[in-house]
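A look at the structure
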Amino acid sequence: MFGRDPWGGPLEISNADSATDDDRSRNLQEYDRAALSRQLDETQQSWLLAAPGDPSGKKKKRYVDLGCIVVSRKLFLWTLGSVLGVGLLIGLIMLIVKTVPHRHRPPPPPDEYTLALHKALMFFNAQRSGPLPKHNNVSWRGNSGMKDGLSDDAIRRSLVGGYYDAGDAIKFNFPMSFAMTMLSWSVIEYSDKYEAAGELDHVKGIIKWGTDYLLKTFNSSADIIDRIVAQIGFGMTSNSQVGQGDTSKGPNPNDHHCWVRPEDIDYPRPVYECHSCSDLAGEMTAALAAASIVFKDSKTYSEKLVHGARTLFKYGREQRGRYSPGGSDPSLFYNSTSYWDEFVWGGAWLYFATGNSSYLQLATAPGLAKHAGAFWGGPDYGVFSWDNKLTGAQVMSALRLFLSPGYPYEEILRTFHNQTGTIIDYLDAADTPGWYCGPNFYSTDTLRGFAKTQIDYILGNNPRKMSYIVGYGKRYPKHVHHRGASIPKNGVRYGCEGGYKWRDSKRPNPNTIVGAMVAGPDRHDGFRDVRMNYNYTEPTLAGNAGLVAALISLSGVKTGVDKNTIFSAVPPMFPTPPPPPASWKP
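Everything numeric in this text was worked out from a predicted model, so none of it was measured.

Rules used throughout
- Residues numbered from 1 in each chain as written.
- Predicted model: local features only at pLDDT ≥ 70, side-chain atom pairs only at ≥ 80, totals over all residues.
- Heavy atoms only, no water.
- Helix = DSSP H or I, 4+ residues; strand = E, 2+ residues; numbered from the N terminus.
- Buried < 20%, exposed > 50% of the residue type's maximum accessible area, 1.4 Å probe, protein only.
- Contact = heavy atoms within 4.5 Å.
- pLDDT = per-residue confidence, 0-100.
- Pairing = 2+ DSSP bridges.
- UniProt positions renumbered as here; feature names shortened; annotations may be inferred.

1. Quick look at the overall build of the protein chain
Scanning the protein chain from terminus to terminus reveals 21 helices and nine strands. Across the 586 residues that make up the protein chain, the buried fraction comes to 47%. Within the protein chain, contacts between residues separated by at least 24 positions form 69% of all contacts whose residues are at least 6 apart in sequence.

Take a look at the structure:
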């Protein structure tokens, strides 16, 4: 039998019956001498020196078994206390750091273009129709147009929302769609700049307010439609818009004859529908398709926008016609000269939104480009506007710089590129140092500098030393041609002609319509700050949308365009080789 030796080592105990007491005693004595002759460690000595409660012995040390190591209890407690003390000290320091106010180096002030951008976007808040959002931040505006569409017996559905076009209360869907396309395009290419300026959510909210309304103006859930609402607020013809503008037929209350706040309108607001309006359908296609890229992270809404865009484009291609035939209300205010440019424009945006090459094939068809005026000059050639989209569509030729689509698209894209080669941001994106105009070479810095001078003129660097953006700078127009801005919000409801006293007043507008870019000076730099002269003092949605796009491009740090987002839905392109040349004949 082997037992455990408390001093270490084996101990054999014999249980033989033959052993005598004397033998056992002698054996134990030998073991005692052997044990006493061994060197004892500190723990073993402490066990022998003093028994519990023996005051004459040394104090027994205590130990803590941590599993992998045995340490002195005193050392353990000291270490634990030190750790806790250091932890409390660190926590106290962090609490002091968080609670005591600090002086941080202030960020650099925003540049002038960013300051103007903040204001230019606020104009859209002032133009909203319908139930205003909680944080619209235009104190003198309220809910308006709450019965649009519902009060028209021929429509009887809600057309509430959208934007008033200018200084009146008319919703012209043609220029409104163009404004939404422009804003979406600017977000697609400069979302980082918008975010840096703190305006990304704001501008996306502006776009969605417009596209939500546009989706109401046709059966956006259908694949095939036969009509579109074109305008709300006139009342002269059977074509479509919301609002009535022409006053030549008499003094019946309408949006141009009356001078009232939108919130106080009590006269009929007829709805105009069109059954053959390819130009309007093409522009609405572009607006919804471009917005679908802006909202691509919201899959359900983005797909809804794409579906609506497809339906509109199909309708526009199959039911040809202008939305503003002669004699109609639209022809007096926003007359469309052609729908071919909208086919190119809408087709290009649908291609970017879907990646479907059939839309690219149509947008680059030489015959379509010819009808749109791509190969001949004219007074509007190269001018991008709510009526002429050709230049914008040609700028889309930048895709050849990044995707190399090749045959059969290359020929027309190269032609478009040559016609719009001085688009500065795309030159930068393509690492092109500049552009030749005849024998003269102009660097991108030179071209960009010229672009800045145009915006600087609007901001006040002009012969009159006046900013043409309301609320920007020290001197700006005070008599803006705008009903809501010119009539005080004083609890008094002014009738159709009751607001004339405010229209004709020589006093500045009681409400400042911040960010509105007025029509501006004449070609001689002359400007009259007169409320009744809308050629000088009336702002518009389309004008401000173009202003916003220019300001975001110039604002902040110089950066190129986002080359990826616009192509996010486009699959990799594998160009088809061109057909072989015809066989040689002697």
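2. What about unusual backbone geometry?
A cis amide bond links Y407 to the next residue, P408, at an omega of 5°. Among the structural elements, P408 can be located in the loop between α14 (399-402) and α15 (410-419). Even without being a glycine, N137 presents a positive backbone phi close to 65°. Positionally, N137 belongs in the loop between α4 (112-126) and α5 (173-196).

3. Focus on the confidence of the model for the protein chain
Mean pLDDT over the protein chain works out to 85, with 83% of the residues at or above the 70 mark. Ignoring residues within four places in sequence, the model shows residues 1-14, a span with pLDDT below 50, making 18 contacts including any to other chains. A low-confidence stretch, residues 235-241 stays under pLDDT 50, and its non-local contacts, those more than four residues away or across chains, total 40 contacts.

4. A few points about the environment of Y407
Here Y407 shows up in the loop between α14 and α15. Given the relative accessible area of 39%, Y407 is considered partly exposed. A C-alpha to C-alpha distance of 6.4 Å links Y407 and P577, two positions 170 residues apart in sequence.

5. A few points about the pairing of strand β8 (residues 434-437)
As paired strands, β8 and strand β9 (residues 440-443) are joined by four bridges and run antiparallel to one another. Following the sheet pairing, G434 is matched in β9 by S443. Linking β8 back to β9 in an antiparallel pair, the connection comprises two residues, with G438 at a positive phi of about 65°.

6. Overview of the environment of V395
Structurally, V395 can be placed in helix α13 (residues 390-395). With 23 residues separating them in the primary sequence, V395 and N418 have C-alpha atoms 9.9 Å apart.

7. With respect to the UniProt feature "active site" (unreviewed entry) in the protein chain
Within the UniProt annotation, "active site" (unreviewed entry) is assigned to H481, D529 and E538. Considering the C-alpha atoms alone, the annotated residues occupy 58 residues of sequence yet fold into one spot, their largest mutual distance being 10.2 Å. Positionally, D529 belongs in the loop between α19 (500-503) and α20 (534-537). Setting aside residues up to four positions removed in sequence, D529 forms contacts with Y476, P477, K478, H479 and T537. When you line up the elements, E538 lands in the loop between α20 and α21 (541-554).

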